[in-house]
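Descriptive structure summary
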Amino acid sequence: MGVLYITYDGLLEPLGESQVVRYLERLSDERPIHILSFEKRTDRTDVSRMNNMRKRLTDKRISWTALAYHKRPSAVATAYDLAHGLAVASKIAKTEKLSVVHARSYPPALIALGLKRAFGLKFIFDMRGFWADERVEGGLWPHGRLYHLTKRLENSFLAAADHIVTLTHASKRALIEMHP
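Sequence order sets the numbering: in each chain, residues are counted from 1 along the sequence as written. Whole-chain, interface and lining totals are the exception, using all residues; otherwise, since this is a predicted model, local features are given only for residues with pLDDT of at least 70 and side-chain atom pairs are given and counted only at 80 or more. Heavy atoms from the whole structure form the basis of all side-chain values; hydrogens and water molecules are not counted.

Next up on the list: the overall build of the protein. Runs of E in the DSSP output that reach at least two residues are strands. Runs of H or I that reach at least four are helices, and both are numbered from the N terminus. Helix and strand content of the protein: eight helices and six strands. Going residue by residue from the N terminus, the α and β elements of the protein occur as β-α-β-α-α-β-α-β-α-β-α-α-β-α. The globule rule is 2.2 Å times the number of residues to the power 0.38, and the radius of gyration it is compared with is taken over C-alpha atoms. The C-alpha atoms of the protein give 16 Å as radius of gyration, which agrees with the globular expectation for 180 residues (16 Å, within 12%). In terms of its C-alpha atoms, the protein occupies a principal-axis envelope of roughly 45 × 35 × 30 Å. Contact between two residues is taken to exist if any of their heavy atoms lie within 4.5 Å; hydrogens are not considered. Of the contacts formed within the protein by residues at least 6 apart in sequence, a portion of 69% connects residues at least 24 apart. Areas reported as accessible are Shrake-Rupley estimates using a 1.4 Å probe. Residue values count occlusion only from the protein chains shown. A total accessible area of about 10100 Å² is found for the protein, and carbon and sulfur atoms account for 56% of it.

Attention now moves to the packing of helix H4 (residues 74–95) against helix H5 (residues 106–119). The convention used is that axes are lines fitted to C-alpha atoms, helices contributing only their stretch in contact, and that angles between N-to-C directions extend from 0 to 180 degrees. Viewed as axis vectors pointing N to C, H4 and H5 meet at an angle of 40°, and their least axial separation amounts to 9 Å. In this view, H4 runs oblique relative to H5, as classed from their interaxial angle. The way H4 lies across H5 gives a crossing that is right-handed. Judged by residue contacts, Leu82, Gly85, Leu86, Ala89, Ser90, Ala93 and Lys94 of H4 engage Pro107, Leu110, Ile111, Gly114, Leu115 and Phe119 from H5. Note that the term roughly parallel is reserved for angles under 35 degrees, roughly antiparallel for angles over 145, roughly perpendicular for angles of 65 to 115, and oblique for everything else. By definition, turning the near helix anticlockwise from the far helix through less than a right angle yields a left-handed crossing, and turning it clockwise yields a right-handed one.

With that settled, consider the pattern of salt bridges. Side chains carrying opposite charge are able to pair once their charged atoms draw close together. For this document, the term salt bridge refers to a Lys or Arg side-chain nitrogen within 4 Å of an Asp or Glu carboxyl oxygen. One pass over the full model with this rule turns up twelve salt bridges. Salt-bridge contacts for Asp29 lead to Arg61; the nearest nitrogen and oxygen are separated by 3.7 Å. A residue pair is termed long-range when its members are at least 10 positions apart, and Asp29 in the loop between helix H1 (14–27) and strand E2 (33–39) and Arg61 in the loop between helix H3 (47–59) and strand E3 (62–68) qualify at 32 residues. Taken as a pair, Asp29 and Arg61 share a single burial class, namely exposed. Through salt bridges with shared partners, a single network forms among Glu17, Arg22, Glu25 and Arg56. Between buried and exposed lies partly exposed: a residue is buried under 20% and exposed over 50% of the maximum accessible area for its type, with that area taken using a 1.4 Å probe on protein chains only.

Take the sheet that holds E2 next. At least two DSSP bridges between two strands are required for those strands to pair. If you trace the six strands from one edge of the open sheet to the other, you get E3-E2-E1-E4-E5-E6, paired in parallel fashion. With partners counted over all chains shown, the strands left at the sheet margins are E3 and strand E6 (163–166), one partner each. On average, adjacent strands in this sheet sit at an angle of 15° to one another, irrespective of strand direction. As judged from the seven bridges shared by E2 and E3, these two strands associate in the parallel manner. Across the sheet, His34 pairs through a bridge with Ser63, a residue of E3.

Between Arg72 and Pro73 the backbone carries a cis peptide bond, its omega angle lying at -10°. The topology assignment puts Pro73 in the loop between E3 and H4. Although it is not a glycine, Ser105 adopts a positive phi angle of roughly 90°. Its place among the elements puts Ser105 in the loop between strand E4 (98–104) and H5. The class for Ser105 is buried, based on a relative accessible area of 14%.

The span you would expect from a helix comes to 1.5 Å times its residue count less one. Relative to the 20 Å expected for 14 residues at 1.5 Å per residue, H1 spans 20 Å between its end C-alpha atoms, a close match to the ideal helical length. One axis fitted to the seven residues ending at a residue, another fitted to the seven starting there: the angle between these axes is the bend at that residue. Taken as a whole, H1 carries its principal kink of about 30° at Val21. Those residues of H1 lying buried are Gly16, Glu17, Val20, Val21, Leu24 and Glu25. Elements that come into contact with the buried residues of H1 comprise strand E1 (2–7), E2, H3, E3 and E4.

Tracing the sequence through the fold places Ser171 in helix H8 (residues 169–178). Residue class for Ser171 comes out buried when judged on its relative accessible area of 7%. Those residues within four positions of Ser171 in sequence are excluded, and the remaining contacts are Phe130 and Thr166.

Below, the structure written as structure tokens:
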């Protein structure tokens, strides 16, 4: 049974290539993998790079669905991307033999949670860190409604996840304290 790996990072971005593609290439011998990513316009229009990545993944027997990433207006664009992503991911879940959905970070976790509920897939929440807190501490968000909504969603993701991935032992300890 296969894995649907969802990332809001594009595979043609340095982070996507180094932390998603390389990781999944090593796992592709163990089970079928399908990646759903959101690619920025400049990357999507670079046909040569898109074709090279597609060939690289195909050579490792990894399927890839590259959706368009929308930036502005921020909240509306992200909501659109996630709704479109859920529709596409649902179609993938209906047509492929999947057993697991792996969500890399919070926006993809919304899609993964929908798939878990609709199709009974195991859900890996690859939270990396405490995203809402990082955005507030970095000055990207005020400590307001969006922060509190994201923290409520975080609790839903943690409660629904069959497995959780975090990057540090300190965050693991914090998770255990917050969610025994």
